[in-house]
Amino acid sequence: MSRHYFGTDGVRGRVGQLPITPEFALRLGFAAGETLVAHARAMGLAKEGERPAVLIGKDTRISGYMLEAALESGFSAAGVDVMLCGPLPTPAVAYLTRALRLAAGVVISASHNPFDDNGIKFFAAGGFKLPDAVEEEIEARLALPIGCRPSAELGKARRIDDATGRYIEFCKSTFPNELNLRGLKIVVDCAHGAAYHVAPKVFHELGAEVVAVGAAPDGLNINAGVGATKPNFLREQVLLHEASLGLALDGDADRLLMVDGNGRLFDGDELLYVIARNRPGLAGVAGTLMSNLGFEQALGRLGIGFARAKVGDRYVLELMHEKDWTLGGENSGHIICLDRHTTGDGIVAALQVLAALSERGETLAEACADLVMFPQKLINVRFAAAFDWRGDAAIRAATQAAEQALGDAGRVLLRPSGTEPLLRVMVEGRDGALVLARAEAIAAAVRSAADMA
């Protein structure tokens, strides 16, 4: 069936506009509750007559209060108990859903988007993202009228007071017991997001001197000039504080970028490489269509396999399950270590990088010395929803011209964003000047065609 509301990362949009409204969140809570009740009973997580339970977490956006209350009401009306943990990273909700043996976990977040966007995404009982088939069942239920269970069967709600502490201990457990972070001064940029009260404590308790920045959320400043999507701020802070290195998370802390003491930025591909080369016998790494060709070639020199999924961490995870691989991710900073967690986790990924550096006695630059990244240019072009970019002759001609100019030493990728009305134009090759020129030529063709549409 067609999906009207669920995208690559749950339901997302501008607050106050469908589907991010209190009325829709109420309906979604009810529809998800009824669907998840059936699945929980089928899996033995709830017996007939018992109420299954879900966990609701959120990031620091002011709209989270509104959506949390609406979802809670919908779940309660469907006969589902609700546990509330307040602001916590998306991967924390995945962990707690599994640890507490719940029917599902729900995260209210728009990840790296600005504060006036928000979203709702689900985790299944095992802590993995909800399968497409279950999301489609929920969509089908949304088309039916909302109902309400009899009073005696309504769900209850309560807060989990120790959720933050549980997750902090989990993160620390993924770092080798024999290692510590003493002697390191680390800038931790929390993007004024969900990890503001979590990430600094994790690294501090493992022995590092921590400089916490982007850790004063006010409901409106999430991702504003800070975090993984604005790495220049982290560079400035690392140099200002003369830190050993810095790490930047995004609003829901499932994305990671790092900066070394010299201010050099390391993206998701480079961090994946640091982790991969420290895992003897690793069969392969799952990347995406955006993963750098230099990264793929460097893995090949290590005898490590590589395969590309569609862009989106859920597709990377599907490929990892298909290949039975434990490591994968995106150059944007989503890194999945299935031998540590069920989903991408910025804090856990940072700990795996730091463990690799500690065990080898290397800096980030030394660990990436054999990794030669191809110049890559990404340009985002905004367009109207009805714009048929695939059928435009000028865009097709600009793309073909770029492919001919690059030859076998590069590639071109055009793809729509899964969360915003953007067409992402990516060109990659050995010659940086050629890459830039061809990316700008294609982007110009897209803008021109979009203006005329």
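On a predicted model such as this, the values are computed, not experimentally measured, just so you know. (Residues numbered from 1 in each chain as written. Predicted model: local features only at pLDDT ≥ 70, side-chain atom pairs only at ≥ 80, totals over all residues. Heavy atoms only, no water.)

A. Structural view of the packing of aromatic side chains. Per the counting criterion, the structure on display carries six aromatic pairs. Arranged with centres 4.7 Å apart and planes meeting at 50°, the rings of Y5 and F24 form a pair that is tilted. With Y5 in the segment before β1 (6-7) and F24 in helix α1 (residues 22-42), this residue pair connects regions lying 19 residues apart in the sequence. Classification of Y5 by relative accessible area gives partly exposed; the value is 26%. Ring geometry for F6 and F122: centres 6.1 Å apart, planes at 45°, overall tilted. You can see F6 sitting in strand β1 and its partner F122 sitting in strand β6 (residues 117-123), a full 116 residues away along the chain. (Phe/Tyr/Trp six-rings, centres within 6.5 Å; stacked < 30°, edge-to-face > 60°. Helix = DSSP H or I, 4+ residues; strand = E, 2+ residues; numbered from the N terminus. Buried < 20%, exposed > 50% of the residue type's maximum accessible area, 1.4 Å probe, protein only.)

B. Seen up close, unusual backbone geometry. Omega for the bond connecting L18 with P19 falls within 30 degrees of zero, at 10°, which places this linkage in the cis form. Along the chain, P19 turns up in the loop between β2 (10-14) and α1. Positioned with a positive phi, H192 is a non-glycine residue whose angle comes to about 50°. Judged by relative accessible area, which is 14%, H192 ranks as buried.

C. Summary view of the packing of α1 against helix α4 (residues 132-142). Put simply, α1 and α4 touch, their axes get as near as 9 Å, and they point 125° apart. As judged from the angle between their axes, α1 and α4 are oblique. Every pair of crossing elements has a handedness; the one defined by α1 and α4 is right-handed. Listed contacts from α4 to F24, R27, L28, F30, A31, A32, E34, T35, L36 and H39 of α1 are V134, E137, I138, R141 and L142. The residue inventory of the contact of α1 with α4, partitioned by class, reads nine nonpolar, two polar and four charged. (Axes fitted to C-alpha atoms, helices over the stretch in contact; angles between N-to-C directions. Parallel < 35°, antiparallel > 145°, perpendicular 65-115°, else oblique. Left-handed = near helix turned anticlockwise from the far one by under 90°. Contact = heavy atoms within 4.5 Å. Nonpolar A, V, L, I, M, F, W, Y, C, P; charged D, E, K, R; others polar.)

D. Representation of α4 within the structure. By the burial criterion, the buried members of α4 are V134, E135, I138, E139, R141 and L142. All buried residues of α4 lie within an arc of 160° about the axis, which places them on one face of the element. Tucked inside the fold, the buried residues of α4 contact β1, α1 and α10 (313-323). (Arc of directions from axis to C-beta.)

E. How the structure looks around the nonpolar core. Counting residues in each nonpolar core, the largest one holds 69 residues, and the members touching the most others are V202, F203, L247, M258 and I347. By residue number, the principal contributor to this core is helix α11 (residues 346-360), which donates 10 residues. Among the nonpolar cores identified, the runner-up in size contains 32 residues, and F24, L28, F30 and A32 belong to it. (Core = buried A, V, L, I, M, F, W, Y, C linked by side-chain atoms within 4.5 Å.)

F. Inspection of the sheet that holds strand β16 (residues 335-337) at higher detail. Judged by pairing direction, the sheet is mixed, and its four strands sit side by side in the order β14-β13-β15-β16 without closing on themselves. Two strands lie at the open edges of the sheet, namely β14 (305-309) and β16, each paired on one side alone. Ignoring which end each strand starts from, the neighbouring axes of this sheet average 20° apart. Note that strand β13 (residues 284-288) and strand β15 (residues 327-329) share two bridges and pair parallel. Counted as the bridge partner of A286 is G328 from β15. Contacts between helix α9 (residues 293-301) and the sheet are confined to β13 and β14, with β14 contributing the most and set at about 150° to the helix. (Pairing = 2+ DSSP bridges.)

G. Quick peek at the pattern of salt bridges. Under the criterion given, the structure shown has 26 salt bridges. For R141, the salt bridge is made with E34, and the minimal N-O distance between the two is 2.9 Å. Of this pair, R141 sits in helix α4 while E34 sits in helix α1; the two residues are 107 residues apart in sequence, bridging distant segments of the chain. A relative accessible area of 15% places R141 in the buried class. Across the salt bridge formed by E68 and R159, the nearest N and O atoms sit 3.7 Å from each other. Here R159 lies in strand β7 (residues 157-159) and E68 lies in helix α2 (residues 63-77), a separation of 91 residues in the sequence. Its relative accessible area of 6% is what places E68 among the buried residues. Put simply, D9, R12, K121, K129, D252 and D313 are held in one network by salt bridges that share partners. (Salt bridge = Lys/Arg side-chain N within 4 Å of Asp/Glu carboxyl O.)

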